[in-house]
Amino acid sequence: MKFYFPDSQDLVSPAYDFVRDEYQAHRVRQRDDRYAHEVLAEAPYHGILVSKSIVDGSIKGAGKYSTAQRARLYRMGVHKFFRLPPGVEALGDNGAFNYVDEAVPPVTPAETLDFYEECGFDAGVSTDHVVFGFTENHESDGVDPEWESRRRLTLGLAADFMSLSRGRNSTVEPVGAAQGWSPETYADSVRALQELGYQRIALGGMVPLKTSQILASLERISEVLKSDTQLHLLGITRVESMDDFADLGVTSFDSTSAFRQAFMDDRKNFHTAERAYVALRVPQVDGNPTLKRAILAGNVSQKDAITAERETLKALRTYDSSATSRQACIDRLSEYEVICQSKKSYLAAYEETLAAAPWTRCECKICRDHGIEIAIFRGTERNKRRGFHNMSVLATKMSKLKSHRSTDG
Ligand SMILES: [Zn+2]
């Protein structure tokens, strides 16, 4: 089972000074900042997924790339741009979520293939249009007619994409996009894509589905699936179901969830093989809007806030796993919660995090280099590193799956 990481230009600055919370004086983002595969000892993914709409921008506005970055990607090619180690694949797609509100995709199969070829992708997904809706019924009565028209449109675009790819003798491996709105229609899309000659198929639109609905669809697909067709799940992790997915023909998936939970989830911020822990929230005085307002309104003294912030970080950095030291951390975190006027308290969860001290047991290079800093919820440099750590935990979990062992010996 292979894992792909969707690129959103998430990098960290290797020379960041955690004690002073400062970047190096002459930092040049483009040149100095590093991707997850460069700060961990090993790439935590088998490939990256790069969306055309994130690079080129879309109907919804500019993408995540500056004009200069975009030019560099086209000039250097995707492998050099990302400094990918050998064996890490670059997979492209259109980023169909960015034009989901349009009647038809604002991009043609020719433009899609141009993007893949100009940037030197290894493989690329055919142009598609996301279907937002699902039913387990076999009948199409009562379902939004747009669901079926989008599915058919996607198949038509896949046919054009394949003939362009063959006509140009393209070196980019074509991956057919399958959309559907029921197990039956997903299976029909896969059947049609195989007839067009696709040996790799990406299943789209499954993100909002329940695991049971994904399984029902995969079961129906498996009835038409050729033994040499590889299935990719777009945007789905669900590690606990991966072995079941693998039994039904899934060989890869992509997801940002392990990365984003580091700073987007309320609780599951720091992942370990067994469970996830809450990260220790020590927001920056000058980066916290609630605190800033309270200071401006004269309800909190700026000096007190800065002192509490500093004392909390100091307590955490000297934490030695003893009960006294743990209580000192909790006391400081508690005081700082009050000053920050936090709407809810995480103190009980912090006790668990501190007691387990999972960063002391993690073997990833980030935890070994930075220790407890990675468990602190504070600013982009710590938060993204914790996301990278989470991906390395995911990679380890994937390597222990039955499905992984059976495919990789
Ligand atoms: Zn780690």
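Residues numbered from 1 in each chain as written. Predicted model: local features only at pLDDT ≥ 70, side-chain atom pairs only at ≥ 80, totals over all residues. Heavy atoms only, no water.

- As recorded by an unreviewed UniProt entry, the chain carries the name Queuine/other tRNA-ribosyltransferase and is attributed to Pedococcus badiiscoriae.

**Here we look at the pattern of salt bridges**
For step 1, the next point in the chain: If you walk through the whole model with that rule in mind, you get 32 salt bridges.
For step 2, the next point in the chain: As a salt-bridge pair, R220 and E223 come within 3.0 Å of each other at their nearest N and O atoms.
For step 3, the next point in the chain: Among the residues examined, R220 registers a relative accessible area of 22% and is labelled partly exposed.
For step 4, the next point in the chain: Taken together, the shared-partner salt bridges in this structure form one network comprising D21, E309, R317, E373, R378 and R382. (Salt bridge = Lys/Arg side-chain N within 4 Å of Asp/Glu carboxyl O. Buried < 20%, exposed > 50% of the residue type's maximum accessible area, 1.4 Å probe, protein only.)

**Notes on the pairing of strand 8 (residues 250-254)**
For step 1, the next point in the chain: Where burial is concerned, most of strand 8 is hidden: four out of the five residues are buried.
For step 2, the next point in the chain: Relative to strand 8, strand 1 (residues 2-6) is paired through three bridges, and the arrangement is parallel. Looking at the pairing, Y4 lines up with D254 of strand 8.
For step 3, the next point in the chain: Sheet topology note: the strand 7 (residues 230-233)/strand 8 ladder contains three bridges and is parallel. Its bridge partner being in strand 8, H232 is matched across the sheet by S252.
For step 4, the next point in the chain: Between strand 7 and its parallel partner strand 8, the chain crosses via helix 10 (residues 242-247), and the hand of that crossover is right-handed. (Helix = DSSP H or I, 4+ residues; strand = E, 2+ residues; numbered from the N terminus. Pairing = 2+ DSSP bridges. Right-handed = clockwise from strand over helix to strand, strands pointing away.)

**Describing the layout of surface pockets**
For step 1, the next point in the chain: Taken as a whole, the second largest pocket encloses approximately 870 Å³ of empty space.
For step 2, the next point in the chain: Around the second largest pocket, the lining is made up of 32 residues, and of these S392, V393, A395, T396 and K397 lie nearest the centre.
For step 3, the next point in the chain: With eight residues, helix 18 (residues 379-399) is the largest single contributor of residues to the lining of the second largest pocket.
For step 4, the next point in the chain: Among the residues forming the lining of the second largest pocket, the class breakdown is 16 nonpolar, eight polar and eight charged.
For step 5, the next point in the chain: When residues are assigned to domains, the lining of the second largest pocket turns out to be shared by domain 1 (46-254) and domain 2 (272-379), each giving three or more. (1 Å grid on protein atoms, 1.4 Å probe; cavity = no way out; pocket = protein on both sides within 12 Å on 5 of 7 lines; lining within 4 Å. Points joined across faces, edges and corners; volume = space filled by probe spheres on them. Nonpolar A, V, L, I, M, F, W, Y, C, P; charged D, E, K, R; others polar. Domains from an automatic or database assignment.)

**A few points about the side chain of S126**
For step 1, the next point in the chain: Tracing the chain through its elements places S126 in the loop between strand 4 (123-125) and helix 7 (145-167).
For step 2, the next point in the chain: Looking at S126, its side chain comes within polar contact range of the main-chain nitrogen of A177, at 2.9 Å.
For step 3, the next point in the chain: Among all residues touching S126, those that are not within four sequence positions of it are N94, A158, F161, V175, G176, A177 and Y198. (Polar contact = N/O pair within 3.5 Å; in protein donor to acceptor, adjacent residues only side chain to side chain. Contact = heavy atoms within 4.5 Å.)

**Quick look at the packing of aromatic side chains**
For step 1, the next point in the chain: The final tally for this structure, using the stated rule, is 18 aromatic pairs.
For step 2, the next point in the chain: Relative to Y23, the ring of Y16 lies with its centre 4.8 Å away and its plane at 70 degrees, an arrangement referred to as edge-to-face.
For step 3, the next point in the chain: Judged by centre distance (5.8 Å) and plane angle (55 degrees), the ring pair of F115 and Y116 falls under tilted. In terms of burial, F115 and Y116 fall into one category: buried. (Phe/Tyr/Trp six-rings, centres within 6.5 Å; stacked < 30°, edge-to-face > 60°.)

**Observations regarding the side chain of T127**
For step 1, the next point in the chain: Note that T127 resides in the loop between strand 4 and helix 7.
For step 2, the next point in the chain: Every residue in contact with T127, bar those within four places of it in the chain, is listed here: N94, Y99, P105, V107, T108, P109, T112, T154 and L157.

**A closer look at the coordination of the zinc ion**
For step 1, the next point in the chain: Coordination of the zinc ion by the protein is provided by C362 (SG), C364 (SG), C367 (SG) and H389 (ND1), with metal-donor distances spanning 2.1 to 2.3 Å.
For step 2, the next point in the chain: For the zinc ion, the four donor atoms in the first shell make angles of 103 to 119 degrees at the metal, a pattern classed as tetrahedral.
For step 3, the next point in the chain: Here the donor residues for the zinc ion map to a single chain with the spacing C-x1-C-x2-C-x21-H.
For step 4, the next point in the chain: Assessed through its relative accessible area of 16%, C362 is described here as buried. (Donors = N, O, S within 2.8 Å, 3.2 Å for Na, K, Ca; no water. Tetrahedral: all angles 85-135°; square planar, octahedral: opposite > 155°, others 65-115°.)

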